[in-house]
Each structure stands twice: as C-alpha cells, then as structure tokens.
Amino acid sequence: MGNADAQHRTHWIGGQPWTGPAARRGDIYNPATGQVSGTVDYAGAAEADAAVSAAAAALPGWRETSLVKRAGVMFAFRELIRARQADLAALITAEHGKVAGDAAGEVARGLEVVDFACGIPHLLKGAFSENVSTGVDAYSIRQPVGVVAGITPFNFPAMVPMWMFPIALACGNTFILKPSEKDPSASLLLAELLAEAGLPDGAFNVVHGGKEAVDAILAHQGIRAVSFVGSTPIARYVYETGTAAGKRVQALGGAKNHMVVLPDADLDLAADAAVSAGFGSAGERCMAISVVVAVDPVGDELVAKITDRVAKLRVGPGDDTRSEMGPLVTRAHRDKVASYLDSGVAEGATLAIDGRAHPVEGAADGFWLGPSLLDHVTPAMSAYRDEIFGPVLSVVRSGSYADALDVINGNPYGNGTAIFTNDGGAARRFTHEVEVGMVGVNVPIPVPMAFYSFGGWKSSLFGDTHVHGVEGVHFYTRGKAVTSRWLDPSHGGVNLGFPTNQ
C-alpha cells in the first residue's frame, strides 16, 4: 500500500477496494506537520449494507470451515503481520503521530491476540457428561454468532481492531470493521494481509466514516453483535442504541486512571512510571495514567523527580528515531487538551510543568503540546473530572492510603489503576478494595496479556463481557446444550463377540 502521503483511501468490501461513488470524504492529516496527507471516503447506509451483504454471503462457507483450517488462516496472518510489522507501524506513525517505537509496540500487542486466536480449536472445546439419565448423554458446544462488527478509536488503529477480529473470525463469524476516520490506512493493510492469508472474500470488510457509518452499523438488522472502544458518552450511545436494536454489545468507554504512590515506594521507579504512563503515546490512550495520587509526605519529592525527567523528554515527529513523544492527533484536540492547563490554574491547581513551552523538534504547524503537569489538583476540578486524553498529568495530594482509595473509588470511571509500594500487604489490600477492572502493582499500565480479558468497571464498560481472552471467545459465540439418547444396538443384528450363555 506504500506510505500515506497524498493517498486516497476507500472501503474494503467483498475482498477488494470499494469502487462505488462517495457522497462524502474527509481529510487525513500528518499530525507532525499539520498538513493534509490524503483523503478517505465516508460510508453511509448504502456502503454499510454492501458490507453486511458481503459478510452475510461469506458466512455459511466460513462458518463450515474446519477449526483446523480457520486456525491455519490465523497462523498465516500472524506470519504476514510479523513480516510487515514495520510497514504497519509506519502507517500508524504517519496518520496518528505516535513515535515509531510506540507504533511497533502497538502492533506487537495486537499480534498477541492473533497468537491467542491460533489456539481456537482448544478454546472452542465444549463439555460432555455421560449417562445424565439412564442411556442419556448431555454435551455443550459454542457456535459463531454470525455477522459481527467492530467500531474502533484513533489512538490504536491496529491494536484495538486486532483485539476483536482475530477472535471473531477464528470463532467462525464474519466481520465488519469501522475504524477511526482519522487514521484509516492501517485497517486496509490488515484487510490485505487477511486476504493474503487465505481468508475468503467478504469474511472481513472495512467501512470508513463518522457518525453516519456508526449509526448504519447499529441499525442494521443483519449485524448480530458490536464491539466498541472509545469515549464513555459514545460507548453509552453505542450500547443503548445497539441493544435496543437487538444486538449483543460490548462497549468500552473512557478512563481516569489513578496511580497511588505510598510513602514506602521507590520514588525513582514511581517517577519513571508516571512519566512513561502519563506521556507515552502523548497521553492518548485509555490506559494512560492521568492522575498520580501522592500519599503524604512524598508529593514534593515525587513532583521534583517527575519534573527532572520531563525536562529531558524529546518531543518531535514520530518518524524521527530520536523522538520520545509525538504530536496530538488533530489541531482541535490539541487545543482542547491545552485548555485544561488554563482551567486547572483558574480552579486553583499549580501548573508545575507547562508543556506549551516544551521545545519541539518538528514543523511549527504540527499539533504539538509538550508533557504538562498540574499539581495540587482536587477532584472538584474539571482537569480531574474530565478524560483529557492528552499529555497532562494531574497530581492529587492525599493524607493517607484510605483517603487515596476513597478518591479512586469515588471516581465514575474504573478502567485501570496502579499502586507503587514495597509493602505486599498494602498492595494486596489495594487490589482487593479498589473498584477498578485492571490493577497494576508497581506496574503503571496493567493491560492484560491476550489470554486474559481487557475491560474496566463502572462507566468504563457497558455490557458484561470484556475484550479478548476467554471472554472474547464467549462474546463472539453462543452456547448450545444438547441432550441425546440413542437406541441400544444390542437388541439384534450381527454380533462378532465371543459367544457366552445369557
């Protein structure tokens, strides 16, 4: 597919690029320069319907394909991804802006789910009970749901789709992906590689666009299940709209992830973690640490250590190997994130690090905001309440462990959290008491491995099934219980057994 410069992107339907007309198009930007690098067609109801028709046509043949052959396609796809990992990462950098190492890491984490999907013959094994009643056996099986869809965000244009479609396809479903219109190219390369791996035409389709495309997917009666990752307001909308239309929905929303630092913690380790987890991917990830809860008396020393580290961070274009943090995804988003620095100060916080003054090694017109830190933040401030989704770290001062726990459990989000301590008892108590779906102990971004499931609590998840892992397999399949009785063949016929007196 080449690079993203001055390219036109369209949908992938029925195993090939869409050739129909586009009622609307959008621009693709290079966030490091602020320049338009391409255009992308936007789907409406007609394109969504074409994708569903292609997926429905491919479903019977793919569903009947043996488990071993479906796993074989996943194995082939895995090897193709590994061979093209650098190309996929370059597309992400060009359109999202994240630095090359971050983009490569995203592909690697997505690949872990493909690895997991390769084990689908084992994952779909059912259960069997002999003689539940006299001469009666019972067993359970799991079968694919049908045509399913995924709606994914701009911040991980390869990894989040790969959390969904490898498992959905391996289970025997066909899939429609609606990626973010801001960085559409990675999804199209994934579609090409799936086709090259032997996936039948129509089993995987990509439609681009905004709300019109989302609404068409949610309303379409040919789609049985929808997976979503994005902001909480849209997650709630997707969940309520999709379930009202009779669909199975898992909708992952936003986050406000807290990192508690207890007085006995290794403060150098904690400062490294806060900077890495707060400013990696320019803070544009739902598992970013956005709040450090410093338990007295470590706040001043911890802020000083974070400040020292931030001053040395190199901000620049993602394709420059020296860059540690890239630009934000759009100019409007950059301006919104920067506004919290002013509102935080107006509401009483201290602007300890102003990222607007951070040197940038890149084009002046890029969507730049350096790493920033607001100190003495309180839960009443908008910088605390809102999911900023950018490189702004807030420090909340807390008098005790109990106060820190109350702050986290009082927050409406419950996606990820972390505690930094050398006290095993405190860590165990925290993991038991905190009302959050994913917990790290001296690990700042506790994203589970692919064989566990990803998902938060409270307003961070709508629906009751997490993504990937065994829960992902369950989301994309339906259980069926069978009870059977067969006539005993001993009533007559040929018998080659040793003759005995009856």
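My aim in this report is to walk through the structure given alongside it, one point at a time.

What counts, and at which threshold
- Residues numbered from 1 in each chain as written.
- Predicted model: local features only at pLDDT ≥ 70, side-chain atom pairs only at ≥ 80, totals over all residues.
- Heavy atoms only, no water.
- Helix = DSSP H or I, 4+ residues; strand = E, 2+ residues; numbered from the N terminus.
- Rg over C-alpha atoms; globule rule 2.2 N^0.38 Å.
- Buried < 20%, exposed > 50% of the residue type's maximum accessible area, 1.4 Å probe, protein only.
- Contact = heavy atoms within 4.5 Å.
- Areas by Shrake-Rupley, 256 points an atom, 1.4 Å probe, with all protein chains shown as cover.
- Lys, Arg positive; Asp, Glu negative; His and termini not counted.
- Charge placed at Lys NZ, Arg CZ, Asp CG, Glu CD.
- Pairing = 2+ DSSP bridges.
- Axes fitted to C-alpha atoms, helices over the stretch in contact; angles between N-to-C directions.
- Phe/Tyr/Trp six-rings, centres within 6.5 Å; stacked < 30°, edge-to-face > 60°.
- Lys NZ or Arg CZ within 6 Å of the ring centre and 35° of its normal.
- Polar contact = N/O pair within 3.5 Å; in protein donor to acceptor, adjacent residues only side chain to side chain.
- Salt bridge = Lys/Arg side-chain N within 4 Å of Asp/Glu carboxyl O.
- Parallel < 35°, antiparallel > 145°, perpendicular 65-115°, else oblique.
- Nonpolar A, V, L, I, M, F, W, Y, C, P; charged D, E, K, R; others polar.
- Patch = residues over 30% accessible without salt bridge, like charges linked within 9 Å, V, L, I, M, F, W, Y side chains within 5 Å.

**Quick word on the overall build of the protein**
So, point 1. The secondary structure content of the protein amounts to 16 helices and 23 strands.
So, point 2. Its C-alpha radius of gyration of 25 Å places the protein within 12% of the 23 Å reference for a compact globule of 502 residues.
So, point 3. On the principal axes, the C-alpha backbone points of the protein span a range of 95 × 60 × 40 Å.
So, point 4. Within the protein, the fraction of its 502 residues that count as buried is 56%.
So, point 5. In the protein, of all internal contacts separated by at least 6 residues, the share reaching a separation of at least 24 is 73%.
So, point 6. A total of about 20400 Å² of accessible surface is found on the protein, and carbon and sulfur atoms cover 53% of it.
So, point 7. The centroid of the 39 positive side-chain charges in the protein is displaced by 5 Å from the centroid of its 52 negative side-chain charges.

**Focus: the sheet that holds strand β1 (residues 7–9)**
So, point 1. Pairing is mixed across the open sheet formed by 3 strands, whose spatial order is β1-β5-β4. Each edge of the open sheet carries a strand with a single partner, namely β1 and β4 (24–30). Neighbour to neighbour, the strand axes of the sheet diverge by 25° on average, direction disregarded.
So, point 2. Inspection of the sheet shows β1 paired to strand β5 (residues 35–42) by 3 bridges, in the parallel sense. Of the residues in β5, the one forming a bridge with Gln7 is Gly38.

**Observations regarding the packing of aromatic side chains**
So, point 1. Per the stated rule, a full pass over the model turns up 11 aromatic pairs.
So, point 2. The ring of Phe475 carries Arg248 above its face, with NZ or CZ at 5.9 Å from the centroid.

**A few points about unusual backbone geometry**
So, point 1. Residue Asp296 is joined to Pro297 through a cis peptide bond whose omega torsion reads 10°.
So, point 2. Its place among the elements puts Pro297 in the loop between β14 (289–295) and α11 (299–311).
So, point 3. Positive phi outside glycine occurs at Asn442, with the angle close to 55°.
So, point 4. Locating Asn442 in the fold gives a position in the loop between β20 (438–441) and β21 (457–458).
So, point 5. Asn442 gets classed as partly exposed once you look at its relative accessible area, which sits at 27%.
So, point 6. Phi at Lys458 takes a positive value of approximately 55°, unusual for a residue other than glycine.

**Things to note about the sheet that holds β14**
So, point 1. Strand order across the open sheet formed by 7 strands is β15-β16-β17-β14-β13-β19-β20, with mixed pairing between neighbours. Of all strands in the sheet, those with a lone pairing partner are β15 (350–353) and β20, marking the two edges. Averaged over all neighbouring strand pairs, the angle between strand axes comes to 20°, with direction disregarded.
So, point 2. Bridging between β14 and strand β17 (residues 392–398) involves 5 bridges; their strand directions are parallel.

**Concerning the side chain of Ser453**
So, point 1. On the secondary structure map, Ser453 appears in the loop between β20 and β21.
So, point 2. Within the local environment of Ser453, its side chain forms a polar contact with the backbone oxygen of His468, the two atoms lying 2.6 Å apart.
So, point 3. Side-chain polar atoms of Ser453 contact the backbone nitrogen of Glu471, separated by 3.4 Å.
So, point 4. Ignoring sequence-local partners within four residues, the contact set of Ser453 consists of Pro448, His466, Val467, His468, Gly469, Val470, Glu471 and Gly472.

**Brief notes about the environment of Gly172**
So, point 1. Within the secondary structure layout, Gly172 lies in the loop between α6 (159–170) and β9 (174–178).
So, point 2. Separated by 44 residues in sequence, Gly172 and Ala216 place their C-alpha atoms 23 Å apart.

**Looking at the pattern of salt bridges**
So, point 1. By the definition in use, this model includes 20 salt bridges.
So, point 2. Among the ionic pairs, Lys178 bridges to Glu181, the shortest N-O distance being 3.5 Å. For the pair Lys178 and Glu181, a shared accessibility class is recorded, and that class is buried.
So, point 3. Between Asp342 and Arg356 there is a salt bridge; the shortest N-O distance is 3.2 Å. One end of the pair, Asp342, is in helix α12 (residues 331–346); the other, Arg356, is in the loop between β15 and β16 (372–375), with 14 residues separating them in the sequence.
So, point 4. Assessed through its relative accessible area of 46%, Asp342 is described here as partly exposed.
So, point 5. Through salt bridges with shared partners, a single network forms among Arg78, Glu79, Arg82 and Asp115.

**Overview of the packing of helix α2 (residues 67–83) against α6**
So, point 1. One way to put it is that α2 packs onto α6 with a least axis distance of 9 Å and a crossing angle of 150°. With respect to their mutual orientation, α2 and α6 come out roughly antiparallel. Of the residues in α6, those in contact with Arg70, Met74, Phe77 and Ile81 of α2 are Met162, Phe165, Pro166, Leu169 and Ala170.
So, point 2. Of the residues in the contact of α2 with α6, the class split is 8 nonpolar, no polar and 1 charged.

**Remarks on a positive patch on the surface**
So, point 1. On the surface, Arg63, Arg224, Arg248, Arg478 and Lys480 cluster together into a patch of positive charge.
So, point 2. With respect to the helices and strands, the residue Arg224 is situated in the loop between α8 (211–219) and β11 (225–229).

**With respect to the side chain of Arg9**
So, point 1. For Arg9, the location among the structural elements is in strand β1.
So, point 2. Buried charge without a salt bridge: Arg9, with Glu95 as the nearest opposite-charge side chain at an N-O distance of 4.4 Å.

**Considering the environment of Ala43**
So, point 1. For Ala43, the position within the fold is in the loop between β5 and α1 (45–64).
So, point 2. Remark: the alpha-carbon pair of Ala43 and Thr10, spanning 33 residues in sequence, is separated by 9.1 Å.
So, point 3. Ignoring any residue separated from it by four or fewer positions in sequence, one finds Ala43 in contact with His11, Val207, His208, Gly209, Glu212 and Ala213.

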